[in-house]
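Now for the letters of each chain:
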Amino acid sequence: MQRLRTAAFAVLAIAYSRASAASVESAPASLLEWGPCPEYPEAGLSCTYFGIPLDYHNTSAGNGYILVVKSTATSGESKGTVFLNPGGPGVSGLDSLATDGPAIIEQTGGAYDIVSCVPRGVGPYTYPGSVYCLSDEEYDSFWNGSIEATGVRWLHDFTNQTDLDRFYDQVPLIEQQYRAFGERCLQGPNATTLQYVGTAATVRDMVALADAIQGPDTPIRYWGLSYGTIVGAWFMNSRVGAVILDGVEDATSVATKQSYLLWRTQVSSAEDSYNAFANACALAGPEECALVRSANATGADVVNYISKAIEVLKSSQSSKAPHRSPYTTHPAAIYGNLYKTHQWATLANETLPALLSLIFGSDSDGSSAVVKHGPLTRVTPHANNRPRRPAQRDAATYSAAHSYTEPAVVCADSVDADPALSMKDVFDEVVAVTRDVSHSFGAFFPVPWERCMYWPVRAVERYQGPFNTTLANRILVIGNSYDNATPFLEARRMAEVLGDQAALVRQNGFGHTSIYQASACTRKVIQDYLADGTLPSAKLTVCEIDDSVQIFPGVKSTSVGVKNSGFKA
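Given the structure is predicted, the values throughout are model-derived calculations rather than measurements.

Here we look at the packing of aromatic side chains
Next up, step 1: Under the counting rule described, the total for this entry stands at 29 aromatic pairs.
Next up, step 2: Here the aromatic residues F142, W143, F158, F167, Y168, Y178, F181, Y404, F427, F445 and W455 are joined through ring pairs into a cluster of three or more.
Next up, step 3: Seen from the ring of W34, K70 lies directly overhead, with NZ or CZ sitting 4.4 Å from the centre.

Encoded structure:
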């Protein structure tokens, strides 16, 4: 049945594409009829296709289409539509509404239809779809011998001279590979559409979709999560009905800084989030957290236990290993699971113990230091732990694991590369961020921003500000106190740029965006705002997490702090 549903949507997409190509270029975009979605039948979602021009300023560029997804209001007749971008870039609105839809609906009180989409550049149901530059057969050989394939070997504050020498020895190879990779992207299956995959186009798609659903020139309710806040910042104009920026990326920095410098800010709250995870684990005790080795262990003991495993792995593995090893995937697995606090217990009791058992075997305290590692699935810092699907094109040739959608979008949006810079500058920044900002996660390589110096195109349309233009209505900016992917300081900066046109809410909890920890205070702010535009009068509103929210059994979120003592500061 699943294959039939997917196949039916593929046929529909082809039919739509042909119809769009044959249509008059200036014809208004329209929706096909709503029907079942190609995946997640149990989620009760509706889907349709929507035609888009590849370039809103050049009709000769041709047409594409996006898959549109709707979750209908659950508390009576709908009061309207909230348009949602779940982030990434590269996150599918279909995946997001299927997995996070209940949390999003709870935040809105179930009073609105939630409409999202699979944006251009994402997955098999949209055209342009996922970005590929290398086939599966080419991937390993192309990156052979470089840290692109193996990851970076580092410990602590990245001061070991051997590690540094090995790292900097990679500069000429990575520079050569990235230049060649850019050329491969221009020869790959997405060569003719790379310049049309960017945030400005996504904003225009959303506005056109709103026109089709609720009528031209109507006020738009929009909720952007994570990267979706960049979409929101680029959108803000006279059409603003209600705009929520939640888990904020600072649009001003994206529009003005060399992209490789953005990781410094993005990872600036990661150590606090990691400490909170360790502290919650320690408070749970050995009965509820497998990483606790004694009844009186602290969060620092938990971190030390994990760090010891990483040290053992590093000392045991060859620097010439051709693929990413448990040593280099271990920190990434932690980072990716910090996004959602309801996954912390699984991280502590299943994911990390499985990795540790490969290192220590049955010797749980690690005293034997016998490495028994095996192959692991690659985890990237931006992984959202969402289901993976077959590629849009020949699945035997291009697979989702080798998609470059995220760098394609962030680099398409980025400022032009400074010709005075080189890969050595990127490497210097990686070392500096690891030493000064995050010992545990600073040396991930590559993060999408670090590719942009050699990415072969920029989008045909970019927006670089200003971001403080006069809006039709005030907007709501939300940030968690401790978000490992979008730290609160970015929400504060965005609110400062907007001045009196924004209300800032700090949700005093953990995880990425406000939706994964319940807060009656945050819910009320969101629901009041969507209902009639009411926002708190205070410059900053602090919303506490509900007392009922537990991170581990018996461990309330409100009892967990970020100082590595195991107790709330």
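Observations regarding unusual backbone geometry
Next up, step 1: Of the consecutive residues Y127 and P128, the connecting peptide bond is found in the cis state with omega at 0 degrees.
Next up, step 2: Relative to the helices and strands, P128 is located in the loop between strand 5 (113-118) and helix 3 (136-142).
Next up, step 3: Residue P446 is bonded to the preceding F445 through a cis peptide linkage, with omega at -5 degrees.
Next up, step 4: Structurally, P446 is set in the loop between helix 16 (423-436) and strand 8 (475-482).
Next up, step 5: For H156, which is not a glycine, the phi torsion comes out positive at approximately 55 degrees.
Next up, step 6: Looking at the secondary structure, you find H156 in the loop between helix 4 (147-150) and helix 5 (161-168).
Next up, step 7: Of note in the backbone geometry, S226 takes a positive phi value of approximately 60 degrees without being a glycine.

Notes on the packing of helix 5 against helix 16
Next up, step 1: Packing of helix 5 against helix 16 brings their axes to within 11 Å, and their N-to-C directions diverge by 150 degrees. Viewed along their axes, helix 5 and helix 16 adopt a mutual orientation that is roughly antiparallel. The interaxial crossing formed by helix 5 with helix 16 has right-handed handedness. Seen from helix 5, the contacting residues are L164, F167 and Y168; seen from helix 16, they are K424, F427, D428, V430, V431 and R435.
Next up, step 2: Split by residue class, the contact of helix 5 with helix 16 holds six nonpolar, no polar and three charged.

Let's talk about the state of the cysteines
Next up, step 1: Tallying each qualifying case throughout the model produces five disulfides.
Next up, step 2: There is a disulfide in this structure between C411 and C452, and the S-S distance comes to 2.2 Å. Because the torsion about its S-S bond is -85 degrees, the bridge between C411 and C452 counts as left-handed. In this pair, C411 sits in helix 15 (residues 405-413) while C452 sits in the loop between helix 16 and strand 8, placing the two residues 41 residues apart along the sequence. For the pair shown, C411 and C452 are each scored as buried.
Next up, step 3: Each sulfur of the disulfide joining C521 and C543 lies 1.9 Å from the other.

So, the pattern of salt bridges
Next up, step 1: Taken as a whole, this structure holds 14 salt bridges when the rule is applied.
Next up, step 2: Here E148 ties to R451 by a salt bridge, and the two come within 2.6 Å at their closest N and O atoms. One end of the pair, E148, is in helix 4; the other, R451, is in the loop between helix 16 and strand 8, and 303 residues separate them in sequence. Residues E148 and R451 agree in their burial class; the two are buried.
Next up, step 3: The residue D546 makes a salt bridge to R523 at a minimum N-O spacing of 3.5 Å. Taken together, the residues D546 in the loop between strand 10 (540-544) and strand 11 (550-552) and R523 in helix 18 (residues 520-532) connect sequence positions 23 residues apart. As far as the burial class goes, D546 and R523 line up, both buried.

Some details on the pairing of strand 7 (residues 240-246)
Next up, step 1: Within strand 7, six of the seven residues are buried, which leaves the element mostly enclosed by the surrounding structure.
Next up, step 2: Summarising the sheet, strand 6 (residues 220-225) and strand 7 pair through six bridges and their orientation is parallel. Residue Y222 lies in a different strand from strand 7, and its bridge partner there is V243.
Next up, step 3: As a crossover connection, the stretch from strand 6 through helix 8 (residues 228-235) into strand 7 is right-handed.
Next up, step 4: As paired elements, strand 7 and strand 8 share three bridges and run parallel to each other. For L245, the partnering residue across the bridge sits in strand 8 and is V477.

Digging into helix 18
Next up, step 1: Between the first and last C-alpha of helix 18 there are 18 Å, a value that for 13 residues agrees with the 18 Å anticipated at 1.5 Å per step.
Next up, step 2: Among the residues trailing helix 18, G533 stands out with phi positive, at a value near 85 degrees.

Let's talk about the side chain of T108
Next up, step 1: Structurally, T108 is set in helix 2 (residues 93-108).
Next up, step 2: Take T108: its relative accessible area is 3%, and that puts it in the buried class.
Next up, step 3: Among the polar contacts listed, one links the side chain of T108 to the backbone oxygen of I105, at a separation of 3.0 Å.
Next up, step 4: Sequence-distant contacts of T108, defined by excluding residues within four places in its chain, comprise I114, W223, Q527 and L530.

Re the environment of W143
Next up, step 1: Looking at the secondary structure, you find W143 in the loop between helix 3 and helix 4.
Next up, step 2: Relative accessible area serves as the criterion here: at 0%, W143 is assigned to the buried category.
Next up, step 3: The spatial distance from the C-alpha of W143 to the C-alpha of I174 is 8.9 Å, given a sequence separation of 31 residues.
Next up, step 4: Other than its neighbours up to four places away in sequence, W143 contacts L134, E148, A149, Q177, Y178, F181, Y404 and R451.

As for the sheet that holds strand 7
Next up, step 1: Spatial ordering of the open sheet is given by 1-2-3-5-4-6-7-8-9-10, a layout of 10 strands whose pairing is mixed. Whereas interior strands pair on both sides, the edge strands pair on one side only; in this sheet they are strand 1 (35-36) and strand 10.
Next up, step 2: Packing of helix 18 onto the sheet brings it into contact with strand 4 (81-85), strand 6, strand 7, strand 8, strand 9 (502-510) and strand 10, and relative to strand 7 it is tilted by some 160 degrees.

Calculation notes
- Residues numbered from 1 in each chain as written.
- Predicted model: local features only at pLDDT ≥ 70, side-chain atom pairs only at ≥ 80, totals over all residues.
- Heavy atoms only, no water.
- Phe/Tyr/Trp six-rings, centres within 6.5 Å; stacked < 30°, edge-to-face > 60°.
- Lys NZ or Arg CZ within 6 Å of the ring centre and 35° of its normal.
- Helix = DSSP H or I, 4+ residues; strand = E, 2+ residues; numbered from the N terminus.
- Axes fitted to C-alpha atoms, helices over the stretch in contact; angles between N-to-C directions.
- Parallel < 35°, antiparallel > 145°, perpendicular 65-115°, else oblique.
- Left-handed = near helix turned anticlockwise from the far one by under 90°.
- Contact = heavy atoms within 4.5 Å.
- Nonpolar A, V, L, I, M, F, W, Y, C, P; charged D, E, K, R; others polar.
- Disulfide = S-S within 2.5 Å.
- Buried < 20%, exposed > 50% of the residue type's maximum accessible area, 1.4 Å probe, protein only.
- Salt bridge = Lys/Arg side-chain N within 4 Å of Asp/Glu carboxyl O.
- Pairing = 2+ DSSP bridges.
- Right-handed = clockwise from strand over helix to strand, strands pointing away.
- Expected span 1.5 Å × (residues − 1).
- Polar contact = N/O pair within 3.5 Å; in protein donor to acceptor, adjacent residues only side chain to side chain.

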